[in-house]
Amino acid sequence: APVPRTPEEARDPGRRTSFHAVHLRASRDSTRRERAVERALALLVARYAPTLAVLGLPRIDTGAQRQLRVVAKQFLIRRGIPTIERRVGDARRLLLGRQRGDRRDALPEFLSRAFFPELAHLHTDHDLRRRYRRQTWNALALSVAVLAERQPLSALALTQPHVPMALAFSKLLAQAAEEL
């Protein structure tokens, strides 16, 4: 039987989830970490068949993180998947209007309220799941930011009409509408 990767899979082994973790701290050996990243990407590429990959840049970028990003980028390029790199903080600023929200769950709350109401139940769990999903929420923010940058009308179509948007996001969409 497959080993559950998430709390949801542990409760319901038949349920497929999009949350996937790679435990890179389990090994100090950089080659093992690189292989773990490649294995995880192979699974994700096979499952989702992406047409673009966004690699998030953290606020503090270490040499090890840069090396793993290089490995990921090379792996994706070999499979014909274009990659772009964006700062996580820039995506947060675009969506929230600032780097950090006024509450611990500001980003998940905003994303679920403004774009994906069906995800609202995912940010109300206990602390373990919040920590586990933080990177997933950052990845979703990066995805929405890149969508707004590349296909602003598609990003606009995802927005919920009753939710006020950050000024930067609104300006980006307004600029795109003017160019039409």
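Rules of the game
Residues numbered from 1 in each chain as written. Predicted model: local features only at pLDDT ≥ 70, side-chain atom pairs only at ≥ 80, totals over all residues. Heavy atoms only, no water. Axes fitted to C-alpha atoms, helices over the stretch in contact; angles between N-to-C directions. Helix = DSSP H or I, 4+ residues; strand = E, 2+ residues; numbered from the N terminus. Parallel < 35°, antiparallel > 145°, perpendicular 65-115°, else oblique. Left-handed = near helix turned anticlockwise from the far one by under 90°. Contact = heavy atoms within 4.5 Å. Nonpolar A, V, L, I, M, F, W, Y, C, P; charged D, E, K, R; others polar. Polar contact = N/O pair within 3.5 Å; in protein donor to acceptor, adjacent residues only side chain to side chain. Pairing = 2+ DSSP bridges. Right-handed = clockwise from strand over helix to strand, strands pointing away. Buried < 20%, exposed > 50% of the residue type's maximum accessible area, 1.4 Å probe, protein only. Phe/Tyr/Trp six-rings, centres within 6.5 Å; stacked < 30°, edge-to-face > 60°. Lys NZ or Arg CZ within 6 Å of the ring centre and 35° of its normal. Core = buried A, V, L, I, M, F, W, Y, C linked by side-chain atoms within 4.5 Å. Salt bridge = Lys/Arg side-chain N within 4 Å of Asp/Glu carboxyl O.

A. The packing of helix α4 (residues 88-96) against helix α5 (residues 106-114), seen in detail. The geometry of α4 relative to α5 is characterised by a closest axis approach of 11 Å and an angle of 55° between their N-to-C directions. The angle between α4 and α5 places the two elements in the oblique class. For the pair α4 and α5, the crossing hand works out as left-handed. Contact with α4, carried on its side by Arg-92, Leu-95 and Leu-96, involves Ala-106, Leu-107, Phe-110 and Leu-111 of α5 and no other residues of that element. Across the contact of α4 with α5, the residue classes tally to 6 nonpolar, no polar and 1 charged.

B. The side chain of Ser-112, seen in detail. Looking at the element boundaries, Ser-112 is found in helix α5. For Ser-112, the side chain forms a polar contact with the main-chain oxygen of Pro-108, separated by 2.9 Å.

C. A look at the pairing of strand β2 (residues 83-87). Here strand β1 (residues 53-57) pairs with β2 via 5 bridges, running parallel. Paired with Gly-56 across the two strands is Arg-86, which belongs to β2. Considered for its hand, the β-α-β crossover made up of β1, helix α3 (residues 63-78) and β2 is right-handed.

D. Local environment of α5. The buried fraction of α5 is high, at 7 of 9 residues. Buried residues of α5: Ala-106, Leu-107, Pro-108, Phe-110, Leu-111, Ser-112 and Ala-114, and no others.

E. Highlighting the packing of aromatic side chains. Under the definition given, this model contains 3 aromatic pairs. Taking the centre distance of 6.0 Å and the plane angle of 80° together, the rings of Phe-110 and Phe-115 count as edge-to-face. Aromatic pair Phe-115 and Phe-116: ring centres 6.1 Å apart, planes at 40°, arrangement tilted. Taking relative accessible area as the criterion, Phe-115 reaches 3% and is therefore assigned buried. Residue Phe-116 is classed as buried on the basis of its relative accessible area of 14%. In this structure an aromatic cluster arises from ring pairing among Phe-110, Phe-115, Phe-116 and Phe-169. A cation sits over an aromatic face here: Arg-79 above Phe-75, 3.6 Å from the ring centre.

F. Looking closely at the nonpolar core. One finds Leu-95, Phe-110, Leu-111, Phe-115, Val-144 and Phe-169 to be the most contacted residues of the largest nonpolar core, which totals 22 residues. Where this core is concerned, the elements lending two or more residues are α4, α5, α6 (127-150) and α8 (167-179). Here the element with the most residues in this core is α6; it accounts for 6 residues. Filtering out sequence-adjacent residues up to four positions away, Val-144 remains in contact with Leu-95, Leu-111, Phe-115, Phe-116 and Phe-169. Core analysis: the second largest hydrophobic core is formed by 10 residues, Val-37, Ala-53, Leu-68 and Ala-72 among them.

G. Structural view of the pattern of salt bridges. Under the counting rule described, the total for this entry stands at 5 salt bridges. With its nearest N and O atoms 4.0 Å apart, the salt bridge here joins Asp-61 to Arg-66. A residue is classified by how much of its surface remains accessible, and Arg-66, at 41% relative accessible area, is partly exposed. With a shortest N-O distance of 2.5 Å, Glu-149 and Arg-86 are connected by a salt bridge. Separated by 63 residues along the polypeptide, Glu-149 in helix α6 and Arg-86 in strand β2 bring together distant segments of the chain. One connected set of salt bridges, linked through shared partners, spans Asp-61, Arg-66 and Arg-69.

Purely geometric stuff here, so don't read any function into it on its own.
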